Structures are given as structure tokens and as C-alpha cells.
Amino acid sequence: MIQVFPADTRNSTDLGWLKSHKSFSFGDYFDEENVSFGVMRVCNDDDIAAGRGFGPHPHSDMEIVSIVLSGAIKHEDSLGHVAITASNGVQRMSAGSGVIHAEYNASETEPMSLFQLWFMPAKRGIEPSFENVTYEPEAMINHLLPVVTPEGGPHIAKIHQDMSIYLSKLDAGKELVFEQGENRRIFLMLVSGKCSANDAILETKDSARIQAESTLTIRALEDTHFMLIDLP
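The rules we used
- Residues numbered from 1 in each chain as written.
- Predicted model: local features only at pLDDT ≥ 70, side-chain atom pairs only at ≥ 80, totals over all residues.
- Heavy atoms only, no water.
- Buried < 20%, exposed > 50% of the residue type's maximum accessible area, 1.4 Å probe, protein only.
- Helix = DSSP H or I, 4+ residues; strand = E, 2+ residues; numbered from the N terminus.
- Pairing = 2+ DSSP bridges.
- Axes fitted to C-alpha atoms, helices over the stretch in contact; angles between N-to-C directions.
- Core = buried A, V, L, I, M, F, W, Y, C linked by side-chain atoms within 4.5 Å.
- Contact = heavy atoms within 4.5 Å.

A. View of the pairing of strand β19 (residues 200-203). By the alternation rule, side chains of β19 split into Ala200 and Leu202, which are all buried, and Ile201 and Glu203, of which none is buried. Inspection of the sheet shows strand β18 (residues 194-197) paired to β19 by four bridges, in the antiparallel sense. Bridge pairing links Cys195 to Leu202 in β19. Linkage of β18 to β19, two consecutive antiparallel strands, is achieved through a turn of two residues, within which Asn198 is found at a positive phi near 55°.

Printed below as a string of C-alpha cells:
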């Protein structure tokens with residue numbers, strides 16, 4: 001089953017300095033039919049103005065991943081971590097037993113955009129931690145590039161959940177096949193372009209929630225940049 005969510009059906013917020021498009025219930029937007037997808041709790045597509053961001057605020061028992069699409073974000077937390085993540089970078093924070101953090105656009109002159117993703121952890125109350133990784137953009141051309149996995153590794157962030165995040169840039173006419181494990185889910189988000197996912201068609205910032213499809217064939221109908229998340 002493939003359920004497509006067109007980009008314009010997302011809940012949107014415009015605060016001037018923040019333009020946010022939310023795929024799931026978040027903040028003042030609540031839909032009891034759209035709270036989560038498996039262990040996935042949040043997918044916010046955020047544009048943040050220069051020099052602005054989110055001040056110190058607490059989190060607990062959540063795996064929080066930020067995938068920077070353009071610009072750079074600065075992270076600070078109560079554990080003493082300070083890091084800047086630019087495009088072609090991923091940051092992962094395990095809030096665990098509790099942490100306070102802040103995130104800001106690292107530039108005073110240029111806007112930035114990112115996906116912020118939240119996932120419920122496999123175990124509650126773990127020790128909080130933070131990780132910042134970069135990847136080679138050429139490695140995702142016509143290839144599914146893992147950037148977050150349970151094992152982690154060089155250029156791959158480690159997450160405390162049985163799930164993986166992949167990025168790809170697929171040239172027009174090319175296709176990739178992903179085998180979906182039994183009782184698994186796939187969340188697919190198009191960063192840009194147009195593709196088919198089996199019989200479904202997705203365009204820029206459309207997403208799809210996929211279950212009970214043993215094989216998912218993604219074919220680029222034009223140059224396409226996408227994120228694929230494999231999760232329980």
C-alpha cells in the first residue's frame with residue numbers, strides 16, 4: 001500500500017523568520033489521524049531566516065535528526081556540544097533522559113533550510129548524546145546512500161532505533177529498487193524533481209507512506225533528489 005501526501009496538504013506555519021511545513025501533528029497543529037508513522041513522529045520542512053532560530057528548550061526520549069538542505073545550522077546543548085552542520089551534513093541528537101538544546105541559522109546573511117525528523121527510541125531513558133557527520137554528495141548519485149543507521153560508521157550517524165535514512169540523487173530515466181522487509185515501513189520524501197514509486201507519482205516535497213510492498217521501484221521521471229527512511 002502506498003499513500004501519497006501531496007506537498008500542499010501539509011500543515012504550514014509562517015512566522016516571518018520561520019516557514020515550516022509539517023507532515024505530522026506538531027506544535028499547535030494536531031490531527032489525531034496523523035500523529036505518527038511507525039516510530040516516526042515528526043518531519044518538518046523548515047526554512048529559517050538569517051540569524052534566527054530556536055532558543056534553548058528541553059527534550060527527552062526522542063531521536064532527533066536534522067538533514068541540512070542548504071545553508072548551515074548551529075547547535076548548542078546542555079552537554080557542552082557546539083557544532084555547525086552545513087549542507088551535505090546530518091546531525092543526530094539522542095535526547096534520552098533529558099537535554100536542553102538550541103538551534104540557529106549559522107549565517108547572519110543567508111537563509112537555510114532543513115528537514116527536522118523525530119523518531120521514538122528503542123529504549124527510554126538512555127544517556128543523551130550528539131553526533132555531527134558529513135557525507136560526499138557524489139556518493140548519492142544514482143545510489144541509495146545511508147546517512148543514518150543503527151550501527152553508524154564513517155560519514156553515517158548512529159541512531160538508537162532499528163531504522164535507516166538514505167539520500168539519493170537519481171538522474172532522469174534511472175531507477176533504484178529497495179526491498180522492503182516484512183512488517184517494515186518506508187517513508188519517502190522528494191526534495192526535488194518527479195518520480196514514480198511503483199504505481200504512484202510524486203513531485204517536489206510530496207511524501208509517501210509505504211507498507212506491505214515487498215519491492216519498491218523508484219524511477220526518476222526527471223532529475224530527482226529524495227530521502228528514503230526504512231523503519232519499523
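B. Local environment of the sheet that holds strand β8 (residues 82-86). A sheet is described by the order of its strands in space; here four strands give the open sequence β5-β10-β7-β8, paired in antiparallel fashion. If you trace the sheet from one side to the other, it starts and ends with β5 (53-59) and β8, each paired once. Going across the sheet, the axis of each strand differs from the next one's by a mean of 20°, ignoring polarity. Pairing between strand β7 (residues 72-77) and strand β10 (residues 99-105): five bridges, direction antiparallel. Looking at β10, one finds that Ile73 is bridged to Asn105.

C. Highlighting the sheet that holds strand β22 (residues 224-231). The seven strands are arranged β1-β20-β17-β22-β15-β13-β14 in an open sheet whose pairing can be described as mixed. Looking at which strands have only one partner, the edges of the open sheet turn out to be β1 (2-5) and β14 (157-158). Bridge count for strand β13 (residues 145-149) against strand β15 (residues 164-170) is three bridges, and the pairing is antiparallel. Paired with Pro146 across the strands is Tyr166, a residue of β15.

D. Here's a closer look at the nonpolar core. Ranked by size, the top nonpolar core spans 28 residues in total, and within it Leu117, Ile165 and Ile229 carry the most contacts. Looking at this core, the elements that each hand over two or more residues are β4 (40-48), β6 (63-70), β11 (112-119), β13, β15, β17 (185-192) and β22. Not counting residues within four places of it along the chain, the set of residues in contact with Ile165 comprises Val65, Ile67, Leu117, Phe119, Leu145, Pro146, Val147, Val148, Met227, Leu228 and Ile229. Formed by 19 residues, the second largest nonpolar core is a distinct cluster that contains Tyr166, Leu190, Leu202 and Ile210.

E. View of unusual backbone geometry. The phi angle at Asn88 is positive, at roughly 70°, despite the residue not being glycine. For Asn88, the location among the structural elements is in the loop between β8 and β9 (89-94). A positive phi is found at Asn183, a non-glycine position, where the angle reads about 60°. In this fold, Asn183 is placed in the loop between β16 (175-179) and β17.

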